[in-house]
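Structure at a glance
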Amino acid sequence: GSPGEPRALFALPAAQGPLPAPRWPIECEVIKETIEHIEWVPPEPEPFCQPMAPDWAPAALGEEHGTIVYHLSPAPRGSCFTRARIGGAPGPLSSPAAPLEGPQDTTLLFESRFESGNLQKAVKVGPYEYVLTLRPDLYTAKHTQWFYFRVQNTRRGPLYRFTIANLAKPKSLYGEGMRPLFYSQRDAQSRGIGWRRVGADVRYYRGGGREEPAAFRLSWTARFPHDGDTCFFAHSYPYTYSDLQRYLRALAGDPVRSRYCVVRALCRSLAGNTVYLLTITSPAGAAAKRAVVLSARVHPGESGSSWAMRGFLDFLLSADADAQLLRRLFVFKVVPMLNPDGVVVGNSRCSLAGRDPNRAYGTALCGSFPGVWHLRAMVERVLAEREVVLYCDFHGHSRKNNVFMYGCDGGGAGAGLRLCQRVFPLMLSKNAPDKFSFPSCKFKVQKSKAGTGRVVMWRMGVSNSYTMEAAFGGSTLGGRSSHFTVEDLKSLGYHLCDTLLDFCDPDPAKFQQCLSEVDALLRQRLGREPGSGGSWSDVSPSELESSTSGSDSSVSDGS
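Note that the structure is a prediction, hence the values are computed from the model and not measured. (Residues numbered from 1 in each chain as written. Predicted model: local features only at pLDDT ≥ 70, side-chain atom pairs only at ≥ 80, totals over all residues. Heavy atoms only, no water.)

1. Focus: the sheet that holds strand β7 (residues 148-152)
Spelled out, the test is: Note: two strands are recorded as paired if DSSP finds a minimum of 2 bridges between them. In DSSP terms, a helix is any run of H or I states spanning at least four residues, a strand is any run of E spanning at least two, and both are numbered starting from the N terminus.
Spatially, the 5 strands line up as an open sheet ordered β4-β7-β13-β9-β10, and their pairing is antiparallel. Looking at the sheet topology across the chains shown, the edges are occupied by β4 (109-111) and β10 (196-197). As judged from the 4 bridges shared by strand β9 (residues 181-184) and strand β13 (residues 231-234), these two strands associate in the antiparallel manner. Bridge assignment links Tyr183 to a residue of β13, and that residue is Phe232.

The structure is reproduced here in structure tokens:
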């Protein structure tokens with residue numbers, strides 16, 4: 001590589017030896033079994049369920065009278081990260097699950113001490129009914145959203161009810177028909193079926209407790225397909241740090257793809273896990289190429305962003321003619337998992353610093369947020385030698401369906417530039433009309449978002465700087481009203497590639513067409529006549545936004 005670039009690194013092992021095991025904070029217990037799931041796409045779309053009245057709350061569940069059947073001791077309050085080791089806490093494992101009393105005992109056995117797992121406590125409140133508590137992001141008392149846990153000792157037949165009692169957000173797609181994900185090991189082994197949507201009577205409502213901040217509850221019922229099965233529930237399709245390492249190892253061991261994809265360490269996380277940087281480009285003519293920078297998984301609970309990134313990498317590294325063209329035209333700098341520690345421990349938003357890394361780009365200290373600090377420094381180095389035509393950070397969104405982007409319109413710039421920032425998302429919506437919603441896109445730079453990757457890269461001079469948000473739920477577009485599959489999420493990565501070629505096409509026809517469409521849309525929104533002249537430069541970004549973004553424009557989410 002050029003001077004100043006870290007050398008090609010195989011902390012990534014050669015294609016044989018064992019993968020470097022994830023490093024965990026010293027207080028986390030980790031079971032020895034490897035948890036892996038098959039990848040599967042359901043043959044039929046999985047529709048949203050009928051949303052239940054939000055004002056409904058069940059009779060008191062009586063947790064205080066229930067039996068605790070699983071309990072991990074929480075990290076002491078006010079503690080902070082000290083050190084990490086492979087395999088987490090040393091010494092023998094504790095037994096958080098209550099032992100069964102014999103073959104007739106139908107109590108479920110819960111477990112979450114594996115990569116990305118999150119469940120702190122389960123209380124049995126009826127023969128087949130459980131109230132669950134999630135573990136907050138480590139070293140914080142908040143951000144409960146992501147869940148992923150295992151249950152064993154299932155019975156086929158009875159209707160079970162699960163209620164997660166301490167979710168953080170007042171509004172959720174679970175209130176609009178989204179259903180949780182379920183995985184049966186027996187179905188995976190014998191029928192090749194993977195993660196699927198389950199749950200009837202899915203409800204999202206405010207808990208009755210006095211607790212501050214208010215806790216929200218998610219409740220659903222489900223039946224298990226088999227007796228004595230090992231099953232999992234999750235908020236979104238899991239994609240762990242080990243999944244990424246398996247993918248990168250296959251890349252590194254592939255004589256074709258490794259010719260145009262170099263895998264290096266961008267840096268190490270606080271726990272000492274490698275944050276990987278991929279440089280993808282065809283070997284020739286690098287000096288004249290423009291750059292594209294992509295990142296994902298700064299928020300560990302937004303696992304769909306890893307599937308979109310997987311789709312992007314699958315396409316860009318393929319033999320497809322368009323992929324070859326993209327590698328000839330651009331240098332891609334890709335950080336597929338910015339916050340590996342958060343992913344390993346099953347956090348929703350934070351790194352082990354106990355804060356949201358996507359608010360730290362403006363002020364990040366190398367010691368507290370190494371991934372964010374080194375990504376920013378890398379982009380500064382790239383900008384010193386070439387134009388960065390696009391920065392895109394992949395996220396997940398919990399309150400709005402479909403896929404959309406947040407861009408940066410700071411006002412003040414010339415009208416032309418302000419329209420141009422809307423062209424890439426409009427093009428993407430034309431390439432993925434059944435998933436991507438241009439009307440859901442927003443371009444206002446809010447004060448609260450000043451420390452995000454998107455805003456900081458834009459201020460550094462990347463005018464096409466975006467956050468791509470993919471709903472945890474699914475799509476309501478193009479006649480669909482169904483959940484996203486893993487394939488839907490991966491296809492976002494392919495569509496991003498298409499759109500880049502449209503956006504940079506030497507024939508300006510598509511760009512011009514989209515520019516005039518954006519112009520017409522904005523005039524319509526402002527009630528100005530098309531072609532009436534008048535400059536955009538005097539219209540504030542908030543005015544352009546107000547009539548479109550619906551009621552939730554003030555609430556920040558994924559980005």
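2. Digging into the pairing of strand β18 (residues 388-397)
Using the following cut-off: For the exposure calls, accessible area comes from a 1.4 Å probe over protein chains only, and a residue counts as buried if that area is under 20% of its type's maximum, exposed if over 50%, partly exposed in between.
Of all 10 residues making up β18, 10 are buried, and the element is well covered by its neighbours. Pairing geometry for strand β16 (residues 290-296) and β18, over 6 bridges, is parallel. Residue Ala296 lies in a different strand from β18, and its bridge partner there is Phe394. For β18 and strand β21 (residues 465-471), the ladder comprises 7 bridges, and the chain directions are parallel. Looking at the pairing, Tyr391 lines up with Ser465 of β21.

3. Section: the packing of helix α8 (residues 423-431) against helix α10 (residues 486-503)
Threshold: Axis definition: a line fitted to C-alpha atoms, over the contacting stretch in the case of helices. Angles run 0 to 180 degrees between N-to-C directions. Convention used here: angles under 35 degrees read as roughly parallel, angles over 145 as roughly antiparallel, angles from 65 to 115 as roughly perpendicular, and any remaining angle as oblique. Should the near helix be turned anticlockwise from the far one by less than a right angle, the crossing is termed left-handed; should it be turned clockwise, right-handed. It only takes one pair of heavy atoms within 4.5 Å for two residues to be counted as in contact. Throughout, the ten residues Ala, Val, Leu, Ile, Met, Phe, Trp, Tyr, Cys and Pro are labelled nonpolar, Asp, Glu, Lys and Arg are labelled charged, and all others, Gly among them, are labelled polar.
Between α8 and α10, the shortest axis-to-axis distance is 9 Å and the interhelical angle comes to 125°. Comparing their axes, α10 and α8 come out oblique. In the packing of α8 onto α10, the handedness of the crossing is right-handed. Residue-level inspection shows Val423, Phe424, Met427, Leu428 and Asn431 of α8 in contact with α10, the latter providing His495, Leu496, Asp498, Thr499, Leu500, Asp502 and Phe503. Within the contact of α8 with α10, the residues separate by chemical class into 7 nonpolar, 3 polar and 2 charged.

4. Concerning the environment of Pro42
The topology assignment puts Pro42 in the loop between β1 (23-25) and β2 (67-71). Residue Pro42 is classed as buried on the basis of its relative accessible area, which comes to 12%. In the structure, Pro42 is positioned 152 residues away from Gly194 in sequence and 8.2 Å away in space, judged by C-alpha atoms.

5. Considerations on the pattern of salt bridges
This is how it is decided: A pair is scored as a salt bridge if a Lys or Arg side-chain nitrogen falls within 4 Å of a carboxyl oxygen belonging to Asp or Glu.
Summed over the entire model, instances satisfying the criterion amount to 25 salt bridges. Of the charged contacts, one joins Asp201 and Arg203 as a salt bridge, the two residues approaching to 2.7 Å between their closest N and O atoms. Residue class for Asp201 comes out partly exposed when judged on its relative accessible area of 21%. Across the pair Arg523 and Asp519 runs a salt bridge whose closest N-O atoms are separated by 3.1 Å. Taken as a pair, Arg523 and Asp519 lie in helix α11 (residues 509-526) at a separation of 4 residues, close to a single helical turn. Judged by relative accessible area, which is 7%, Arg523 ranks as buried. What makes Asp519 buried here is its relative accessible area of 19%. Each of Glu39, Arg310, Asp314 and Lys490 takes part in salt bridges that share partners, so that together they form one network.

6. Describing the sheet that holds strand β15 (residues 274-280)
Ordered by their spatial adjacency, 8 strands build an open sheet running β14-β15-β17-β16-β18-β21-β19-β20, and the pairing between neighbours is mixed. Lying at the two open borders of the sheet, with one neighbouring strand each, are β14 (261-268) and β20 (442-444). Between one strand axis and the next, the sheet turns by 20° as a mean value, whatever way the strands run. Packing against the sheet, helix α6 (residues 370-385) makes contact with β14, β15, β16, β17 (330-335) and β18, and its axis sits at approximately 130° to β14.

7. Some remarks on the environment of Pro51
The topology assignment puts Pro51 in the loop between β1 and β2. Counting along the chain gives 127 residues from Pro51 to Met178, while the straight-line C-alpha distance between them is 8.2 Å. The residues contacting Pro51, other than those within four sequence positions of it, are Gly175, Glu176 and Gly177.

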